[in-house]
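# A look at the structure
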Amino acid sequence: MLSIDKLHVAYGQSKVINNLCLDVKPGEIVAIMGRNGMGKTTLMKSLIGIIPSRSGSIKIGETPPESLENLESYQRVAKGLAYVPQGRMIFPALSVRENIETGLTVTGQTTVPPLIYELFPVLLEMKDRRGGNLSGGQQQQLAIARALASNPKVLLLDEPTEGIQPSIIKEIARTLCRIRDEMGLSIVVSEQVLSFTLDMADRVLVIEKGEFVHDSPRAGIDEKKVSAFLSV
Amino acid sequence: MIGDYTYTEFTSILAMQGFAGLTLFSVFVLMALGLAIIFGQMGVINMAHGEFMILGAYMTYLCSQFFSVYLPSLFSIYFFFAMILAFAASFLLGMLVEWGLIRFLYRRPLDTLLATWGLSLILQQAYRSIFGAREVGVTLPDWLMGSIALTDIIEIPINGLFVMGLTALITLGVYFGMFRSNWGKRMRAVVQNRTMAGAVGINTKMVDRMTFGLGCGIAGIAGSAFTMIGSTGPTAGQLYIVDTFLIVVFGGAGSLIGTIASAFSISQAQSTIEFFLSGSMAKVLTLLTVVGILMLRPQGLFTLKIRR
């Protein structure tokens, strides 16, 4: 569904992503784990087009796959990529409903699909409040809802558990699985919390200095080895 | 007796100066609405805003000349065509300026000040070369001239009423455009977080260009209305730009209600004080008051209450 081939990303002279390849199957949840500064966020940003990539290809879809690497962010969204950034980045002065509606731009629709409020009932309750007045966990749900509104094929999430209490982390894991099952999309999530990853991912990758150094399905994962990569 | 005036004379003066203030208020609001979008929302310090207004005024002047020579039968309604032309000209020039200049400066607000100041000088000289240095005035159609006598002393000019009606209409239009339409939602999303707006699927470059063009277009309509109360010269825009910025900052950047409230208080204060003291004293007093209030309340009269 999403295939990345020989992707290179650099800030000036410092190379952050080196020759990265990844294939995400339809309906698969892939977790990318790694310590700080190993390139998780840079990878996510280059996939959605906030940071330009130096070389390599990014393709989305099955029949036929479409190239994304030369498109602007909004065009990538139109092709079926959606992005939930680190730190949520909702629009603070827009109401909750308006925040979700901004995600509808590429679909041409004007009303929020009921499934989104079904997944996040708290957002329906607060739909007329300003996004900036929500709590961190609610803002995280809003950011996911906004991304889902564009009806994506692949959902990118950058550290969705950052700064959120453990019980809500579990809830987010359940919701992501439900989104995958009901909407049939693929999910790529970057993460540092191993327990959260094991709750939902089908496949766990470890990124180190811009390269994948470990790749295994969740079943039969060597937990000790992965946590060794994550410890400093 | 109040001073040299009897009580009825005094209230009539207040009423008429109040009305003159309302006309000034209308032009201020029209000017400030464009700037509230460009400065209040986009954060671009557009020093050339006055020149966009004057462009609208010159378009109105051209229109009136054209209609009086070639279509005298339609002269009575030329003003409506003039407003459309004024909007279109300023809108297109605004889009061009955004494409050629402003889009490179979104992260550098102070540089927009210098760049647009330069632009304003260029435009002023262009007007001087094209239309001449002398001020021009438009001929109003008959139905816009004259006044309605409310009492023996109080007279209300018709063109003032027309400008007020126009302002109310455009203000409503801008309100619905900004807060009730899909376009407005996208615009607010873009100005709050340009990168993220792109990443949820909004074509930010297009929205920026339309927004800037629209702000300039509204200034063009303000210029059109301006021809009714003053004559148009190459530098006439300069006289209004300071007042307009004052209104937007005093009202609270990004708040439409604030812009209207501050335009109202500043124009009313000025036109009422102007009658009893001199024009410059009126300016000094209003400026002092505004500076005083802004020292106590730097965010302006109206602000959004949200966690940041």
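Fair warning: this is a prediction, and the values are worked out from it, not measured in the lab.

Before going further, it helps to examine the pairing of strand S3 (residues 29-33) of chain A. Residue and element names in this part refer to chain A. By the criterion of burial, S3 is predominantly enclosed, with five of the five residues buried. Burial along S3 is two-sided: the residues Ile 29, Ala 31 and Met 33 and Val 30 and Ile 32 are all buried. In this structure, S3 lies alongside strand S9 (residues 203-208), joined through four bridges in parallel fashion. Bridge pairing in S9 links Ala 31 to Val 204.

Turning our eyes to something else, we now look at the pattern of salt bridges. Within the structure shown, the criterion is met by 21 salt bridges over all chains. Note that Lys 205 of chain B is salt-bridged to Glu 72 of chain A, the shortest N-O span being 2.9 Å. Here Lys 205 of chain B, found in helix H8 (residues 204-229), pairs with Glu 72 of chain A, found in the loop between strand S5 (66-67) and helix H2 (73-79), and the two come from separate chains. Judged by relative accessible area, which is 45%, Lys 205 of chain B ranks as partly exposed. Under the relative-accessibility criterion, Glu 72 of chain A is labelled partly exposed at 37%. Asp 243 of chain B is paired through a salt bridge with Lys 283 of chain B; the nearest N and O atoms lie 3.0 Å apart.

In this section: the packing of helix H1 (residues 7-41) of chain B against helix H10 (residues 256-276) of chain B. All names here are of chain B. In contact at an axis separation of 7 Å, H1 and H10 are set at 140° when each is read in the N-to-C sense. The orientation of H1 relative to H10 falls into the category oblique. Crossing handedness for the pair H1 and H10: right-handed.

The next thing to look at is the packing of helix H2 (residues 49-70) of chain B against H8 of chain B. Residue and element names in this part refer to chain B. Running from amino to carboxyl end, H2 crosses H8 at an angle of 55°, the nearest separation of the two axes being 6 Å. On the basis of their axis angle, the class for H2 and H8 is oblique. In this structure, the crossing between H2 and H8 has a hand that is right-handed. Here His 49, Phe 52, Met 53, Ile 54, Gly 56, Ala 57 and Thr 60 of H2 come into contact with H8, specifically with Gly 215, Cys 216, Ala 219, Gly 220, Ala 222, Gly 223, Ser 224, Phe 226 and Thr 227.

Reading the values: rules and limits
- Residues numbered from 1 in each chain as written.
- Chains lettered and ligands numbered in written order.
- Predicted model: local features only at pLDDT ≥ 70, side-chain atom pairs only at ≥ 80, totals over all residues.
- Heavy atoms only, no water.
- Buried < 20%, exposed > 50% of the residue type's maximum accessible area, 1.4 Å probe, protein only.
- Helix = DSSP H or I, 4+ residues; strand = E, 2+ residues; numbered from the N terminus.
- Pairing = 2+ DSSP bridges.
- Salt bridge = Lys/Arg side-chain N within 4 Å of Asp/Glu carboxyl O.
- Axes fitted to C-alpha atoms, helices over the stretch in contact; angles between N-to-C directions.
- Parallel < 35°, antiparallel > 145°, perpendicular 65-115°, else oblique.
- Left-handed = near helix turned anticlockwise from the far one by under 90°.
- Contact = heavy atoms within 4.5 Å.

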